[in-house]
Amino acid sequence: MPKDGGIGASSKRREDVRFLTGRGRYTDDINLNNQTYAWFLRSEVAHGTINAIDTSAAEAMDGVVKVFTARDFEGVGGVPCGWQVTDRFGNPMKEPKHPVLAEGKVRHVGDPIAVVVAESEAQARDAAEAIAVDITELPAVMDMKAALADGATKVHDDLDDNLCYDWGFVEENREAVDAAIAEAAHVTTLELTNNRLVANPMEPRVAVGDFNPGTEDYTLYTTSQNPHVIRLLMGAFVLGIPEHKLRVIAPDVGGGFGSKIYHYAEEAFVTFASAQVRRPVKWTSTRSEAFISDAHGRDHVTKIELAMDADHNFTALRCDTYANMGAYLSTFAPSIPTWLHGTLLAGNYRTPLIYTNVKAVFTTTTPVDAYRGAGRPEATFQLERVIDKAARELGVDPAELRRKNFIKPEEFPYQTPVAVVYDTGNYHATLDKGLEMAGVDTFEARCAESAANGKLRGLGIAHFIEACGIAPSNLVGQLGARAGLYESATVRVNATGSISVMTGSHSHGQGHETAFPQVVAEMLGIDEGMVEVVHGDTANTPMGMGTYGSRSIAVGGSAMVRATEKIINKAKKIAAHLLEASEADIELADGQFSVAGTDKSVAWGDVTLAAYVPHNYPLEDIEPGLEETAFYDPSNFTYPSGAYICEVEVDPDTGKVEVLGFTAADDFGNVINPMIVEGQVHGGVAQGIGQALLENCAYDENGQLLSGSYMDYTMPRADDLPMFEVDHSCITPCTHNPLGVKGCGEAGAIGSPPAVVNAVIDALHRGGHTHVTHIDMPLTPSRVWAAINGQ
Amino acid sequence: MTSVTITVNGQSRSGDVEGRTLLSTFLRDQLTLTGTHVGCDTSQCGACVVHVDGEAVKACSVLAADVDGAEITTIEGMANADGSLGVIQQAFQDHHGLQCGFCTPGMVMSAAALLKENPKPTEAEVRHYLEGNICRCTGYHNIVKAIMAASGQDVAPPMAAE
């Protein structure tokens, strides 16, 4: 029977009621008394020297309070980077300054030059148009390989070149991998591009800064996935505001997908400016601004080589990647192509020798950082594409080639050659499940149906691994992270037994307000409705690292479990006192504390009341009150995995691809709320299909963004997608966190792009177009048609 | 400035607007009906869909001054009289048809307009009708299910653990 509450129940989301009735409170819904409005004047050219900025006409316009330029930010820090990568020669990466407003040069279209603060948004916008900026345009730096050539135009004049770092991993394996490839019976090589994307949460970014002249406290309301991280980065590194004078609130946030992790210049601006003008300052991004100022994702150019022996065992893998950083280093940008990419190149396979080289390059484009999956989709795409190509070259079944090389269920825990240790998994089980769900045994009949209609049908398989819940802090510190990666929870039990859980994690669509109480309620045997989650405000939640990397339940949920365990321990002491029994004999079930082997019991509410009205209470042994905090620092990543199978139909006359079916068979370990988990997979798969078929962040050679609106950037719409078949019944629980959970937020976006592309290639081969071995994403009709026709 | 009076969710509301003020801006900033969301600036995303005289309209594509005298329904007016969720709203909750909630007001308003003109749509008709509403979270799967369910057609419930 389905459970009706607690762990494993598809509890309906309580947050939905406010969202469905227009009573959500997103940042743009917040308007403060005496508020002013900021409008950013942004660079219209990709690269140029600023000769002069004349703000006099703007300053004279109606409603203008103040016009800001870089001159107003002298003495203010740059926007910091949160991860320092060390290159393969032992040197730190190049880390150019990222000013809040452009200093002397602009380096991408959208680079902010000046800001007008005015009485209304319309007045601020009008005045910004009156600012005269004299810029001498410089050549755009767009192609990564050309950017590294001798004599290339430099994005940052104070650096030697445009190379951020040249990273090798595992550097000691470099020669052994070369040798293994040279000796291999068969080597499959693939050159590919992982297309640049824009995250596009439906809520554009918003920031409201509010300086209180009386207390000299600052409050920043912002569309963030991690308000504590923003408080730390902005307070400590940009504006020099100590944490106790700075409160960051991320209220209801309308999606993030990575793009709202980072500390952005606009946040620092409104906070700083509110103290300058002594009034609140609000900035609301337009979608057009979002396209040029939100950090982009992906943008890797890769050559991958897979070596096999005569029996088709993988013997070595070599990956050479160029990773676009954009004009400045966004918060976590350097870690994406390195530690979140190189460590995943074993995939689900027993490949003994792996080497990856990554050259990170500055270009005159918007900064690039994590987007749903972040490094792991790039690793999975190249691996699952090259395996598919190898199967085709060898004339073997792509599922069989994968099975032959899978890590076997009995081999866990498994030490990969790329540092990480997989704790659990059963890849054979997920692949078998996925193939069964996808109806592979009747696929040939469906092919014949398509053929009869002049269409080409294809089936694509991908099997992915991801590393979630990034951890532990001491390890990531060694790898260059400038932050810890623990999570926190305070469980506050109120006198009458209701509970507030304050988490450092943050929900922007993931359903924490519903799923987190399921865990606490299950542990205590009480109704979920008695537990409420508080998140998103640094003033009333413990220091936490926020939500990204599928970490909320694995790390944040574990912190909540630890805090709840402390609550149970203390409550048992109180119950033992009330029941005049030994603490060791107290059992907690269904919200009742009882003495083992007797009918003596006391209810949850009696114990919690005693904690706050301690008349009959062991005051000599324990303090009154029932509130506990825990910080959880995981000992390893978690490793969700799964089989994704895509079925497509290609119209050979037009090149149009239609996704007819998509199956996801995932192993997420234990699942708290299946309904929410399935929703996460649906959304991730939609983004992955979007990357594979529709989405592309395109620049022209002058650095102008060609896909700068929803008229140009193809977001997946309802009629682009099928219903999805998803399953998470293959469960190998995580062994190192208390819930046995692995995380599910990014899986869909990681596993789906190679499944889609593999399916299209399969369709073309079945249609006799065997010359097509690869098409770069997105597989638009024009690209597919050109590939079919050899163009 | 032009004076505009509209009936919103059954109540008469007035305000002074510039010629360029959009209906979405008027609803959000002057009438503080912040349930109507703005997700783009090219009338593509559909987060701002409201009903103007019974028709689904993107509020960012209409000037406030042009709807003087109109009857407007926003997401705030979609619940039952007793405050409980309306049929479409309840179906969205039952079938997990929303995650971050930002596109949701526009989705619900579009769904209501669809079911008014086509009470028993096919899945393909639902998907086609939602062409002007972008959701980044759900992959549309559960939105389509919710609308089908709201139309009284059978759909599978969300999977529950055994």
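Residues numbered from 1 in each chain as written. Chains lettered and ligands numbered in written order. Predicted model: local features only at pLDDT ≥ 70, side-chain atom pairs only at ≥ 80, totals over all residues. Heavy atoms only, no water.

Peer 1: Just to check I follow, could you spell out the pairing of strand E3 (residues 49–52) of chain B for this structure?
Peer 2: Moving residue by residue along a regular strand, the side chains alternate between the two faces of the sheet. Residue and element names in this part refer to chain B. Neither face of E3 is exposed, since Val49 and His51 on one face and Val50 and Val52 on the opposite face are all buried. Note: E3 against strand E4 (residues 55–58), four bridges, orientation antiparallel. Each residue of the ladder has a partner; that of Val50, found in E4, is Val57. If you look at the hairpin formed by E3 and E4, you'll find two residues sitting between the two strands, and Asp53 has a positive phi there, around 50°. (Buried < 20%, exposed > 50% of the residue type's maximum accessible area, 1.4 Å probe, protein only. Helix = DSSP H or I, 4+ residues; strand = E, 2+ residues; numbered from the N terminus. Pairing = 2+ DSSP bridges.)

Peer 1: I tried to follow the layout of surface pockets on my own but got confused; where do I start?
Peer 2: Rolled over the atoms, a probe sized like a water molecule indicates the empty space that remains. By volume, the largest pocket is sized at about 1200 Å³. Along the wall of the largest pocket there are 40 residues; nearest its centre are A:Glu121, A:Ala122, B:Leu22, B:Thr25 and B:Asp29. The set of elements that each furnish at least two residues to the lining of the largest pocket consists of strand E1 (36–42), helix H3 (121–129) and strand E13 (281–284) of chain A together with strand E2 (11–17) and helix H1 (23–30) of chain B. Of the residues forming the lining of the largest pocket, the biggest block, five residues, is contributed by H1(B). The class makeup of the residues in the lining of the largest pocket is 13 nonpolar, 13 polar and 14 charged. Space inside the second largest pocket adds up to approximately 680 Å³. Considering the residues around the second largest pocket, the lining is formed by 25 residues, among which A:Leu41, A:Arg42, A:Ser43, A:Glu44 and A:Ile292 are closest to the centre. When its residues are assigned to classes, the lining of the second largest pocket shows twelve nonpolar, six polar and seven charged. (1 Å grid on protein atoms, 1.4 Å probe; cavity = no way out; pocket = protein on both sides within 12 Å on 5 of 7 lines; lining within 4 Å. Points joined across faces, edges and corners; volume = space filled by probe spheres on them. Nonpolar A, V, L, I, M, F, W, Y, C, P; charged D, E, K, R; others polar.)

Peer 1: Mind showing me how you'd approach the interface of chain A and chain B here?
Peer 2: Residue-level contacts link 61 residues of chain A with 53 residues of chain B. The contact between chain A and chain B buries some 4800 Å² in all, and 57% of this surface belongs to carbon and sulfur atoms. The shortest N-O distance in the salt bridge between B:Asp94 and A:Lys12 comes to 2.7 Å. Where chain A meets chain B, there are 27 residue pairs in polar contact (both at pLDDT 80 or more). Listed by contribution, the elements that provide at least two residues to the side of chain A that touches chain B are helix H1 (16–20), H3, helix H8 (287–293), helix H17 (674–694) and strand E31 (724–727) of chain A. (Contact = heavy atoms within 4.5 Å. Buried area = accessible area lost by both parts, 1.4 Å probe. Salt bridge = Lys/Arg side-chain N within 4 Å of Asp/Glu carboxyl O. Polar contact = N/O pair within 3.5 Å; in protein donor to acceptor, adjacent residues only side chain to side chain.)

Peer 1: Got a minute to help me understand the pattern of salt bridges in this structure?
Peer 2: Pairing between side chains becomes possible if they bear opposite charge and their charged atoms approach one another. All names here are of chain A. Enumeration according to the criterion identifies 49 salt bridges over all chains in this entry. Among the salt bridges present, the one from Glu649 reaches Arg457, with a minimum N-O distance of 4.0 Å. Of the two residues, Glu649 sits in strand E29 (residues 641–650) while Arg457 sits in strand E21 (residues 456–465), which places them 192 residues apart along the sequence. Each member of the pair Glu649 and Arg457 is classed as buried. Two residues, Glu565 and Arg562, come together in a salt bridge whose shortest N-O distance is 3.1 Å. Pair noted here: Glu565 and Arg562 are both in helix H15 (residues 552–579), with a separation of three residues, about one helical turn. A relative accessible area of 32% places Arg562 in the partly exposed class. Because the salt bridges share partners, they merge into one network encompassing Glu384, Asp388, Arg392, Arg402, Glu444, Asp762 and Arg766.

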